Amino acid sequence: MSQPQPIYVTQPDLPPLADFLPYLEKIWDNRVLTNGGPFHKQFEAELATYLGVKHISLFTNATIALVTALQSLRITGEVITTPYSFVATAHSLLWNGIKPVFADIDPTTLNLDPARIEAAITPQTTAIMPIHCYGTPCDVEAIQRIADDYNLKVIYDAAHAFGVRREGESVLTHGDLSVLSFHATKVFNTFEGGAIISPDAKTKQRIDHLKNFGFVNETTVVATGINGKMSEFNAALGLLQLQHVGRAIERRRQIDALYRDLLAGLPGLRLVDKPVNATANQSYFPILVGPQFATSRDALYQRLKDQGIHARRYFYPLISDFPMYRGLPSADPAGLPVARAASAQVLCLPIYPALTDEDVFRIVDVIRTASRVAVPAAPAAATISGAELLAA
Ligand code: T4K
């Protein structure tokens, strides 16, 4: 009997190749490959409209965008951030010579806990860098109140938050700056890519100078800029991807709902709540494998892997456990109990538009078997698959 295909935590969503060829032909014809070409301009404008924001600067990836965002606001000293994130969040601080101060997260949202932020403020604190983890919006109002009270900047790592809306408006409008990622593994991908959302044209202009070595014209350099520019290839792909991302997110919603139905009520398993008052993007499907579950998180991870299902432990280890951070006073595990528990229990299950309902049944089957709960039969007529939906 042939082995079933492996299933990874994600699979990039791509448009039909034939649809991309005309874009490539244009690039080949006009020979403008980068440095703010026509596709770059068009993508920046169409993306801003799609996301419901005014000022966007495209970047080569989110990590360089985070580094540049901090530069643009001239952040120094200490910045309060979460240990429960991808390592790029804190790395962007070290690249700027800034000291990260880790604060604990909220057990419901897994985002920075505003009360813990306030407790971590010192005279050296200049900013807060929270992330909208898994696309769940932070408590943006409480964070803004703290920022206003203590005169701090807020830079959101919004790498997971493409298209997320809160109270009817883009979550990217909060804080001083927000940074998106368009990496291959994200809800919306341009292979590699990222963006900074600015509140005004002046800030965008400064960021645009910084991502182009600091050049303002052919002979004038005003800052120690970097090369963070998005190429025409990535921008052209982004334009095409915008036509598909709505359907891709819709399919993610169906998968999220199916997982929630099939995994509800398993003893010891917690599904991270859907955000209240927000339109999520279902970028990840995290589950928390608690002590009441029949196996440990790592045993379940291995069981799935043995069946060719590659779930991922995002975010384990905590950033504060990596060698370049663990000597910091705020990295002391005693001060981060919630983040530590989440990191020890989390497993992100596969979710992406091409994942079929049958794949979801296969994944849930392994989890239910591990939990020693009987497996329900799959419905005779499975609902529309990702591939069918995209072809529709
Ligand atoms: N802030 C936050 C909160 C982030 O989560 C991230 C990135 C960043 C900042 C930085 O954004 P960028 O600078 O990357 O724009 C992945 C991604 O590489 C990383 O972008 C992402 N977060 C992080 C959460 O996940 P890995 O090491 O898990 O990736 P990898 O290569 O193991 O990929 C996971 C699975 O995806 C593979 O098993 C198969 C599938 N895959 C992956 C790639 C790259 C594909 O099917 N095709 C592909 O091309 O970090």
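All residue numbers refer to position in the chain's written sequence, counted from 1. A pLDDT threshold of at least 70 governs which residues receive local features in this predicted model, and a stricter bar of 80 or more applies before side-chain atom pairs are shown or counted, although totals over entire chains, interfaces and linings include all residues. Working from all heavy atoms in the structure, the side-chain values ignore hydrogens and water.

A pair of strands is treated as paired once DSSP finds two or more bridges between them. Helix and strand assignments come from DSSP, with helices taken as H or I runs of at least 4 residues and strands as E runs of at least 2, each series counted from the N terminus. The strand order across the open sheet built from 3 strands is S11-S13-S15, with neighbouring strands paired in antiparallel fashion. Each having just a single partner strand, strand S11 (269-271) and strand S15 (346-349) make up the two edges of the open sheet. Mean inter-strand twist for the sheet, computed between neighbouring axes without regard to direction, equals 30°. In this structure, strand S13 (residues 285-289) lies alongside S15, joined through 4 bridges in antiparallel fashion. The residue bridging Pro 286 from the neighbouring strand is Cys 348, located in S15. Packed on one face of the sheet, helix H10 (residues 297-306) meets S13 and S15 and runs near 25° to S15. In what follows, a contact means two residues having at least one pair of non-hydrogen atoms within 4.5 Å. Working convention: axes come from line fits to C-alpha atoms, limited for helices to the stretch in contact. Angles between N-to-C directions cover 0 to 180 degrees. Where helix H11 (residues 337-345) meets the sheet, its contacts fall on S13 and S15, and the angle it forms with S15 comes to roughly 50°.

The side chains of a regular strand alternate, first on one face of the sheet and then on the other. In terms of burial, strand S9 (residues 177-181) is a largely internal element, 5 of the 5 residues being buried. Judged from the 3 bridges that link them, strand S6 (residues 153-157) and S9 form a sheet pairing that is parallel. Of the residues in S9, the one forming a bridge with Tyr 156 is Ser 178. Across 4 bridges, the pairing between S9 and strand S10 (residues 194-198) is antiparallel. In the sheet register, Val 179 faces S10, and the bridge partner there is Ile 196. Exposed residues in this analysis have more than 50% of their type's maximum accessible area, buried residues have under 20%, and partly exposed residues fall in between, with area computed by a 1.4 Å probe over protein chains only.

For the rest of this paragraph, the subject is a nonpolar patch on the surface. Taken together, the side chains of Phe 213, Phe 215 and Val 221 make up a nonpolar region of the molecular surface, amounting to roughly 250 Å² of accessible area. Using a relative accessible area of 33% as the deciding quantity, one classes Phe 215 as partly exposed. Two joining distances apply to patches: 9 Å for like charges and 5 Å for nonpolar side chains (Val, Leu, Ile, Met, Phe, Trp, Tyr), and every residue must have over 30% relative accessible area and no salt bridge. Per-residue accessibility takes into account occlusion by the displayed protein chains alone, with areas from the Shrake-Rupley method and a 1.4 Å probe. Here, a salt bridge means any Lys or Arg side-chain nitrogen found within 4 Å of an Asp or Glu carboxyl oxygen.

In many reports, interface size means the accessible area that the parts give up when they come together. Each domain's extent is set by a domain assignment, obtained either automatically or from a database. When cut into domains, the chain gives domain 1 (17-242) and domain 2 (245-391). Domain 1 and domain 2 are separated by 26 Å when their C-alpha centres are compared. Facing the 41 residues of domain 1 at the interface are 36 residues of domain 2. Buried surface area refers to the total accessible area, computed with a probe of radius 1.4 Å, that the two partners give up upon joining, counted for both partners together. Interface of domain 1 and domain 2: buried area, both sides summed, is about 3,100 Å²; carbon and sulfur atoms make up 65% of it. The three residues of domain 1 that bury the most area against domain 2 are Phe 102, Tyr 134 and Val 187, which together make up 23% of that side's buried surface. Remark: the boundary between domain 1 and domain 2 carries 0 salt bridges. Counting of polar contacts relies on pairs of N or O atoms within 3.5 Å, with two restrictions inside protein: one atom must be capable of donating a hydrogen and the other of accepting it, and residues adjacent in sequence are counted only when both atoms are side-chain atoms. Applying the counting rule to domain 1 against domain 2 returns 17 residue pairs in polar contact (both at pLDDT 80 or more). Only helix H4 (88-94), strand S4 (99-102), strand S7 (165-166) and helix H8 (232-242) provide two or more residues apiece to the side of domain 1 that touches domain 2. Put simply, Ala, Val, Leu, Ile, Met, Phe, Trp, Tyr, Cys and Pro go in the nonpolar bin, Asp, Glu, Lys and Arg in the charged bin, and everything else, Gly too, in the polar bin. For the side of domain 1 that touches domain 2, the per-class residue count stands at 23 nonpolar, 10 polar and 8 charged.

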